[in-house]
Amino acid sequence: MSAEISLLHGRAKEAFDRDPCVADSPAQLGDCARGRLASAGFEARDLAYLDANVDPAESPERARFLRVEAKYGESPDKHIFTFAILRSAGKYKLLWLQSAVATK
């Protein structure tokens, strides 16, 4: 990953660290992730709720992971952010796992 992309993804991670995504339902976590990425300049294009085998989940409630594909500005690159979905005391929370970029 180039230094520029590392800085962009670092800003995105900071947005999640400053204001974690916590919600009453896993479906609300997708909206939160879109908002946090937007605050770092990314446009979320595709959200995928994934099960423990990293296959598409039957429903957001059965998901263990959230994968977000995003764009940044006019770049043709696809930025991929992966989060674990944690549940505690009836609340759902996103935990940043990794980020990557697919260059064109």
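Conventions adopted
- In this convention, every chain numbers its residues from 1, walking through the sequence in written order.
- For this predicted model, a pLDDT threshold of at least 70 governs which residues receive local features, and a threshold of 80 or more governs which side-chain atom pairs are given and counted, while totals over whole chains, interfaces and linings are taken from all residues.
- Water and hydrogen atoms play no part in the side-chain values, which are based on all heavy atoms of the structure.
- Pairs of cysteine sulfur atoms within 2.5 Å are what we label disulfides.
- Numbering of helices and strands runs from the N terminus; a helix is a DSSP stretch of H or I covering at least four residues, while a strand is a stretch of E covering at least two.
- The cut-offs for exposure are 20% and 50% of the maximum accessible area for each residue type, with area from a 1.4 Å probe on protein chains only; residues under the lower value are buried, those over the upper are exposed, and the others partly exposed.
- When DSSP locates at least two bridges between a pair of strands, those strands are taken to pair.

Another point: the state of the cysteines. Taken as a whole, this structure holds 1 disulfide when the rule is applied. Covalent S-S linkage joins cysteine 21 and cysteine 32, the inter-sulfur distance amounting to 2.1 Å. On the sign convention where negative means left-handed, the S-S torsion of about -90 degrees between cysteine 21 and cysteine 32 marks this disulfide as left-handed. Residue cysteine 21 is located in the loop between α1 (3-18) and β1 (22-23), and its partner cysteine 32 is located in helix α2 (residues 26-39); the two are separated by 11 residues in the primary sequence. A residue is classified by how much of its surface remains accessible, and cysteine 21, at 1% relative accessible area, is buried.

Another point: the sheet that holds strand β5 (residues 91-102). Strand order across the open sheet formed by 5 strands is β1-β5-β4-β3-β2, with antiparallel pairing between neighbours. The strands lining the two open edges of the sheet, one partner per strand, are β1 and β2 (42-50). Inspection of the sheet shows strand β3 (residues 65-72) paired to strand β4 (residues 78-88) by 6 bridges, in the antiparallel sense. Bridging from a neighbouring strand, arginine 67 pairs with threonine 82 of β4.

Moving on: the pairing of β4. Between β3 and β4, which follow one another and run antiparallel, lie 5 residues, and glycine 73 among them has a positive phi close to 60 degrees. Bridging between β4 and β5 involves 11 bridges; their strand directions are antiparallel. Counted as the bridge partner of phenylalanine 81 is serine 99 from β5.

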